[in-house]
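Topology and contacts: notes
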Amino acid sequence: MDMTTCLKSLLLAIQQYRDGRTANAAQLQRQVEELSGLRCGQLLSSGQLLPSECVSGLVELAGNPNTSLTLTSSIISLLAQLACEDDSREILHSSYNLTSTLASVIHCHSATPGEPLVLQCLQVLQKLTYNTRIFQSTNYIHELIAFLVTNIQSHNDDIVMPCLGLMANLCRDNHSVQSHIKSLDNVKPFYRTLINFLAHNSLTVVVFTLSILASLTLSEKVGEKLFDAKNIHQTFQLVFNIIVNGDGTLTRKYSVDLLVDLLKNPKIADYLTRYQHFSACVSQVLGLLQSKDPDSAAKVLELLLAMCSVSGLRSLLCEVVFKPAGPKLRAGGRRQGPGPDGGRKAEHGLALVQWLSSPVEGAESCSLQALQLLNELLEEALGAEGVSDCVLSFVEMLLPGVLGLLKGLDPAQGDAHIRKHCRRITHVTGLLLILCAEDSTRSAVSRQVSAQLCLSQVEALLSCCHTCAPPGSDSDLSQVCAEALLKTLELMSKLRQQVKDMETSFYRMLQDQRIVTPLSLALTSHHRERVQVGLSLLFEATPLPDFPSLVLGESIAANNAYRQREAELSVKRVAVHEVPPPSILDSSSGSGRSVHSLVEKIQNGLELQEHVKDSHVSEIIDVYEQKISAFASKENRLQDLLEAKALALSQADRLIAQNRFQRAQAEAEACKLGSLLKEAERRREDLQGELSSQVLEVERSRADMEELLQHNARLQQDSEEHQALKGAYNTLLNRFNESERLLKELQAAHVSLTRQMDSLRKNHEALQLQHDKMASVLEEREEEVTHLRSDLQQKSSDIAGLRDELRAEEEKVQEKERERRDLEETVDVLRKELNRTEQARKDASIKASSLELQKSQLETKLKQKEDELNQHSAMISMIHSLSSGKMKSDVNLSL
């Protein structure tokens, strides 16, 4: 079943169910499920009437409390599928009031928050309210906030996470919702619960909690304590870790939003500029650009653009993006590699360039964000004192890819393609204009940009501006085309002296009649930059002979008249919305007059009170205060009536617009059928003429066949020559690859030599410092030498005195020498006596040895007589004493 048939069946089922035929609930649910199975992401953005009626009916049924839970769940699932696209999500929120409908469903089932329907509504609401401003006057918004606050403080983990995500969406950049939450009675327990969630195991819960706390408490004492200098570095580290290693795209998305919100605070932005791990964290975040996920890349680029808004961070980002990586060394070398981040820095800029022309689906916004980021970074890098070599090499790598984005403009593909391509051209030419601000980068741009490229671009844009509708029907498209055209002309003006034939092409385009429309739009624009560009081009074009100045004046006058007419119509529309009924006007004018008279009486009473004390003045004041309060309540009721009337008028305008669109569509179809009929008649006549011409063509084709055979023989010869040239080309290609390999090796050697030169320069600086230190030390040593010389002179005088003393001592030594000689003679005499004594000692030792021999013989004899000695112990002891006494006396005599 095709989409149109399915939508018609669904609309019929909705009308039957709405008319009270409850038996058709199953059929309606089946139709809803069939539509959910089709690809209906771009259904609402098509602008057709049939899908609009179906979605209106489905939203009305979902908000009806009498609708069954199963049918409501199926409808919400279909609406969640429609809300996947950003355009469809905005349409559902603004045109169909789906936010209020889902809030009413949650309010009806608030007693059972764990139901699958409530969780489903919370998830769809979280998707709808992301990056969307929710007004406090929206129906059921207060009940929704109370439900969220209550269930966030519960212990049910299944409902806490979607409630936190929805609360983070509602609080972000919404002062009315923040004021309402702060005025609640249970806000302090709510803050305590949020602070306890900071220690939760889920990173998603932590990010949601930090986002809510940043929205509610950043300007209060609680926020100052949470995000002070002690805790902010831990918060930075946590947020960067979640961005790099998060649980998924949703967590990374909210982490980036949190960091962007924190950067809006000047104090926290200053803390981030002093964060010591900023370069490493940004390098890891830039590594996410190497993935093929456009959603993650878009959030990373959004974060980097937010960082570029802080002046202190922009230079650090330039250093991370543009700084080249160090050479890769072998593992066996002495020096270490460049580290985990060093090898990636060269890839960060390459990843940005790749996202400029990425073929991934949905990468168009990433391309524009990458262009904006490169505009900011290159403007910062080129604004420095000197342009570094790494920036120049990056620009050389960037230019071919950027210039490739200028191609592909086709007015036949529709307004959406023209608008998208013109915005891309505006960003690209803005980047090229930034590069033209410096001489070195301007020369690089002039080598890559040709006059033919700019001329073809201007021709295509002029044709788009010429075919675009006048400002009354689609002023946005006209403005976009005009801005792209003027940027391209400004680029041509900058390069007209450097690029061949650029000046001739530039002045020729300024004299084209079609330049009037974009130039008049620029001169009457409310954007200062566009007006300045238009004035500069007008200054260049005025002296030209064929410049259509009169036509330009008429176009400017027409634009001004159109703007004035639009302003008058808008004033009338506002007046129609604001004028109340006559009775209301009368009552309001009467109340105004009574209030003025009351003020005059009170002032007169206060003046008289200074002179005369009137006891009734206070009573009169009380009476008039009661009247004032009554008038205030009447005024509130009148304001409510006015809002209801304004809502009814807006609904009526929407119905009128739908009716006009349907009538215009029918008229367009009738015109299309008429044109098709005329076209069929014309084609019949053409075919009849072609039939007669075909007979002649057959005869001609026979002659052409013979010529083709001859031509085929010539082509065969050309083919053989082509094969020979192909072989020569292959040999040249091999030589080119070899040369390219040698070039890469030489580039690597050049990079290594550059690093060695840097190290030698650092060593030279260190040696210079050591030389300076040694010079200072040498001066100190010279001072010490002068002191030592003075000490030496003093010591010399002391030595002269000591020499005199030495002479006296030498005389004493001579006397001692004579005494020594006398003593030596005495020693010689004593030495001779000692030799004689030594000889006598030797003789005595010989005798002692003979006596020892005799003693051993006697001991043997004693052993033989041992038995006799035992019997005659007294006699043996006397003999022994006599023998020992005799031996001692003999020994003494021998000595």
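Conventions we followed
Residues numbered from 1 in each chain as written. Predicted model: local features only at pLDDT ≥ 70, side-chain atom pairs only at ≥ 80, totals over all residues. Heavy atoms only, no water. Helix = DSSP H or I, 4+ residues; strand = E, 2+ residues; numbered from the N terminus. Contact = heavy atoms within 4.5 Å. Areas by Shrake-Rupley, 256 points an atom, 1.4 Å probe, with all protein chains shown as cover. Salt bridge = Lys/Arg side-chain N within 4 Å of Asp/Glu carboxyl O. Buried < 20%, exposed > 50% of the residue type's maximum accessible area, 1.4 Å probe, protein only. Core = buried A, V, L, I, M, F, W, Y, C linked by side-chain atoms within 4.5 Å. Axes fitted to C-alpha atoms, helices over the stretch in contact; angles between N-to-C directions. Parallel < 35°, antiparallel > 145°, perpendicular 65-115°, else oblique. Nonpolar A, V, L, I, M, F, W, Y, C, P; charged D, E, K, R; others polar. pLDDT = per-residue confidence, 0-100. Left-handed = near helix turned anticlockwise from the far one by under 90°. Disulfide = S-S within 2.5 Å.

**Quick notes on the overall build of the protein**
The helix and strand inventory of the protein stands at 34 helices and zero strands. Contacts in the protein between residues at least 24 apart in sequence constitute 73% of all its contacts with a sequence separation of at least 6. Surface exposure of the protein reaches about 55,300 Å², of which carbon and sulfur atoms provide 54%.

**Considerations on the pattern of salt bridges**
Under the counting rule described, the total for this entry stands at 28 salt bridges. Here E824 and R820 are joined by a salt bridge, their closest N and O atoms 2.1 Å apart. Of this pair, E824 and R820 both sit in helix α32 (residues 617-864), four residues apart, which is roughly one turn of that helix. Judged by relative accessible area, which is 37%, E824 ranks as partly exposed. Note that D828 and R831 form a salt bridge whose closest N and O atoms lie 2.9 Å from each other. Taken together, the residues span about one helical turn, with D828 and R831 both in helix α32 at a distance of three residues. On the basis of relative accessibility, which here comes to 38%, the residue D828 falls in the partly exposed class. The partly exposed category is assigned to R831, whose relative accessible area is 45%. Because the salt bridges share partners, they merge into one network encompassing R172, D173, D257, D261, K264, K299 and E302.

**Points about the nonpolar core**
Note that soluble globular proteins tend to have their nonpolar side chains buried in a common cluster. By size, the foremost hydrophobic cluster in this structure holds 192 residues, and its most contacted members are M307, F322 and L378. Residues in contact with L378, not counting those within four places in the same chain, are F322, V391, F394, V395, L398, L431, I434 and L435.

**Some thoughts on the side chain of T99**
Relative to the helices and strands, T99 is located in helix α6 (residues 98-108). With relative accessibility at 3%, the residue T99 sits in the buried group. Here T99 is in contact with H93, L125, L128, T129 and I134, once residues within four sequence places are set aside.

**Details of the packing of helix α27 (residues 502-510) against helix α29 (residues 528-541)**
How two helices pack is summed up by the angle between their axes together with the distance between the axes. One can describe the packing of α27 onto α29 by two numbers: an axis separation of 10 Å at closest approach and a directional angle of 100°. By the angle class used here, α27 and α29 are roughly perpendicular. Only L537, E540 and A541 of α29 make contact with α27, whose side of the interface consists of F506, Y507 and L510. Its residues assigned to classes, the contact of α27 with α29 comprises five nonpolar, no polar and one charged.

**Here's the deal with the environment of K8**
Turning to its location among the elements, K8 is positioned in helix α1 (residues 3-18). For the pair K8 and Q31, spaced 23 residues apart in sequence, the C-alpha to C-alpha distance is 9.9 Å.

**Notes on the confidence of the model for the protein**
Counting all residues, the mean pLDDT for the protein is 80, and 85% of those residues have values of 70 or more. Counting interchain partners and residues more than four positions distant, the pLDDT-below-50 stretch residues 325-345 has 20 contacts. Scored below 50 in pLDDT, residues 574-596 makes 13 contacts in the model with residues more than four places away or belonging to other chains.

**As for unusual backbone geometry**
Phi is positive for Y140, close to 65°, though the residue is something other than glycine. In this structure, Y140 sits in the loop between α7 (116-128) and α8 (141-152). By relative accessible area, which is 38% here, Y140 ends up partly exposed. Residue D501 is not a glycine yet carries a positive backbone phi of 65°.

**Quick notes on the packing of helix α4 (residues 69-82) against α7**
Viewed as axis vectors pointing N to C, α4 and α7 meet at an angle of 20°, and their least axial separation amounts to 10 Å. Classified by the angle between their axes, α4 and α7 sit roughly parallel to one another. The handedness of the crossing between α4 and α7 comes out as left-handed. Contact residues: α4 offers L69, T72, S73, I76, S77 and A80, while α7 offers L117, Q120, C121, V124 and K127. Taken together, the residues of the contact of α4 with α7 sort by class into six nonpolar, four polar and one charged.

**Here's the deal with the state of the cysteines**
Evaluated as defined, the whole model comprises zero disulfides. Free of any disulfide, C436 has its nearest cysteine sulfur in C454, 9.6 Å distant.

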